[in-house]
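Residue strings, one per chain:
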Amino acid sequence: MTLPYRTLDRDWDVIVAGGGTAGAMAAIAAARTGARVLTIEAQGSLGGTGTNAWVTPLMRNVSAGENLNRGLTDELKRRLDARGDGATDPGGNDNWFNPEGMKFVLEHMLLEAGGEVLYHTHVVAPLMAEGRLEEPRSGEQRAEGEGRSTIDALVVHNKGGLQALRAAAFIDATGDADVAALSGVPMRGGDDDGVHQAMSLRFTLAGVDTVRLCAFLRSQGQWQESEHFLHFWMVWEKNSTLEPLFRRAVEAGVLLERDGDYFQGFSVPGRPGEISFNCPRIRPDLHDGADPWQLSAAQVDGRQAIDRLTAFCRAFLPGCETAFIGVVAPMVGVRESRRITGEYTLTLEDILDCAQFDDAICRNHYPVDIHSVKGGDRLLHDREGTAPYFAKDAYHEIPLRCIVPVGVTNLLVPGRAASSTFEAQSSIRVQQNCHTMGEAAGITAAWAAQRCGGHVRGVDVQAVREELRDRGGVV
Ligand SMILES: Cc1cc2nc3c(=O)[nH]c(=O)nc-3n(C[C@H](O)[C@H](O)[C@H](O)COP(=O)(O)OP(=O)(O)OC[C@H]3O[C@@H](n4cnc5c(N)ncnc54)[C@H](O)[C@@H]3O)c2cc1C
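Residues numbered from 1 in each chain as written. Predicted model: local features only at pLDDT ≥ 70, side-chain atom pairs only at ≥ 80, totals over all residues. Heavy atoms only, no water.

Turning to the packing of aromatic side chains, a few remarks are in order. This model, assessed by the stated rule, comprises 13 aromatic pairs. Between Trp96 and Phe266, the aromatic rings sit 5.1 Å apart at their centres with planes inclined by 80 degrees, giving edge-to-face as the arrangement. Taken together, the residues span a long stretch of sequence, with Trp96 in strand S7 (residues 95-97) and Phe266 in strand S15 (residues 263-267) at a distance of 170 residues. Like Phe266, Trp96 is buried. A ring pair is formed by Phe312 and Phe316, whose centres lie 5.3 Å apart and whose planes are at 20 degrees; its orientation type is stacked. A residue pair is termed a helical-turn pair when its members lie 3 or 4 positions apart in one helix, as Phe312 and Phe316 do in helix H9 (residues 292-316) at 4 residues. You can call Phe312 buried: its relative accessible area is 0%. In this arrangement the basic side chain of Arg451 is found over the ring face of Trp447, its NZ or CZ atom lying 4.0 Å from the centre. (Phe/Tyr/Trp six-rings, centres within 6.5 Å; stacked < 30°, edge-to-face > 60°. Helix = DSSP H or I, 4+ residues; strand = E, 2+ residues; numbered from the N terminus. Buried < 20%, exposed > 50% of the residue type's maximum accessible area, 1.4 Å probe, protein only. Lys NZ or Arg CZ within 6 Å of the ring centre and 35° of its normal.)

On to the side chain of Arg416, then. Relative to the helices and strands, Arg416 resides in the loop between strand S23 (411-412) and helix H11 (422-428). Reaching out from Arg416, the side chain makes a polar contact with the backbone oxygen of Val334 at a distance of 3.2 Å. Contact partners of Arg416, with chain neighbours within four places excluded, come to Gly175, Asp176, Val334, Arg335, Glu336, Ser337, Gln425, Arg429 and Cys434. (Polar contact = N/O pair within 3.5 Å; in protein donor to acceptor, adjacent residues only side chain to side chain. Contact = heavy atoms within 4.5 Å.)

With that settled, the discussion passes to the sheet that holds strand S6 (residues 86-87). As summarised here, the arrangement of the 3 strands in space is S3-S7-S6, forming an open sheet in which the pairing is antiparallel. Only two strands of the sheet have a single neighbouring strand rather than two, namely strand S3 (57-58) and S6. Two strands pair when backbone bridges link them, and S3 and S7 are joined in this way by 2 bridges, in the antiparallel orientation. The partner of Leu58 across the bridge, within S7, is Asn95. (Pairing = 2+ DSSP bridges.)

What follows is about helix H1 (residues 21-31). Summarising burial for H1: 11 of the 11 residues are buried, a large majority. Turning to H1, its buried residues are Thr21, Ala22, Gly23, Ala24, Met25, Ala26, Ala27, Ile28, Ala29, Ala30 and Ala31.

Moving on: helix H7 (residues 210-219). By the burial criterion, the buried members of H7 are Thr210, Leu213, Cys214, Phe216 and Leu217. Along H7, the residues classed as buried sweep out an arc of 165 degrees about the axis, all on the same side. Of the residues in H7, the exposed ones pointing more than 90 degrees away from the buried face are Val211 and Ser219. At its buried positions, H7 is contacted by strand S14 (231-234), helix H8 (243-251), strand S16 (275-277) and H9. (Arc of directions from axis to C-beta.)

Taken as a whole and judged by the stated rule, the model has 27 salt bridges. A salt bridge links Arg212 to Glu321; the nearest nitrogen and oxygen atoms lie 2.8 Å apart. One end of the pair, Arg212, is in helix H7; the other, Glu321, is in the loop between H9 and strand S17 (324-328), with 109 residues separating them in the sequence. On the accessibility criterion, Glu321 (38% relative accessible area) is partly exposed. Taken together, the salt bridges that share partners define one network made up of Arg32, Glu75, Arg79 and Glu112. (Salt bridge = Lys/Arg side-chain N within 4 Å of Asp/Glu carboxyl O.)

Set out below in structure tokens:
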């Protein structure tokens, strides 16, 4: 059956599928080269998991006291702070932000750079066009390019029906590598048993008396900076002082046992009296965010758990008696689903050995951080262990090849779907690394379109690294 799509009478240098954490940065970076850029986003705002799944802390990625993600990330933080929508966490996280503010900042940066965005539009499928693009320049590159296919356009669905949108180069920043998967790129997913990290549906409670909550948490031995900057948690058998409260709530039938598998609350800059929760964790049998049935069931399961957690907070946490649900995140939080097979696959050994690469685009010192549905979460922290990676000034690099999928000439895949093993992905997936991978992808795709007929392997990677440095990056 042929789909009844119509091809739009316009084209772009670069189309970015998914305007999320990596995609928004990719689009901004590409537009700043002067490229004609279109971002296609399923939701009505940019930022992806950071905004629409309400993941409001930027996890710390520091080596020798310096943040490893600079460039566009620094600019983003400055702009958030200027609006009162960003704040530095004295407890260690580099930056917390108000996701509504983030949506404004990203959209402004994209439009200011001359980029376009098409919201409420789903990428349905790539249209492959063998041999349309110019061949790469050198004989060596041409040999490497043999057997690869080329994307001509993306078929999207929106209120206009099905439309094909054409570009020279494409960036798949859908998080689940939707475009790559449908282009025939070999995929991986989950651990050795195919089991993915746990999903979570984040929410907020508004109307919280944070002065009383802060006093209570301090009385429970949970250190708090001030009532403006709360961070509290409970995980069974991890010595949280809140565990007895959870036990009583389970016995009283307010909570289910699994509601205590992971519970964490944070303040949100720019939103006084509101607490954002990094939970509930979704039922363990629902772990594949790229499976539409599981994703939908996760939404239902999460909402039911939010009702229980709200009742718990009202009954057991002083200051929350009259709190109400402020937000249920529009997107279920997916930590890991599909991962592409790229020209290089980052491994745990690369992380522990502080691997460096000639084509490095990003530096990482965030630990392996696996939220496991099998139980026994794993967090390799930089304060432990004897491998080189555990030194305070250590870091490893992520090569450009991790975002270059095998088998396609004109596609890049930055973000949590980058080519990596299960363990390595759990470390590089944090937002600031997605920003930096996105920024590198944007420059590379733009130059591929402008200089190499769309062929991403034709771009001089040392020139990309130089450009990243000129834009404030550390590579
Ligand atoms: C619950 C949870 C807690 C986390 N905690 C932290 C934390 O505290 N700090 C931290 O730094 N990181 C944290 N992370 C990790 C980090 O937030 C993510 O790994 C990162 O944001 C992923 O970025 P991405 O660009 O790959 O995908 P996303 O940000 O998810 O972007 C994908 C975008 O593509 C869009 N899209 C998807 N499919 C399509 C399609 N077919 N057509 C059109 N658009 C599409 C989506 O709407 C979305 O906007 C957490 C993640 C989760 C899930």
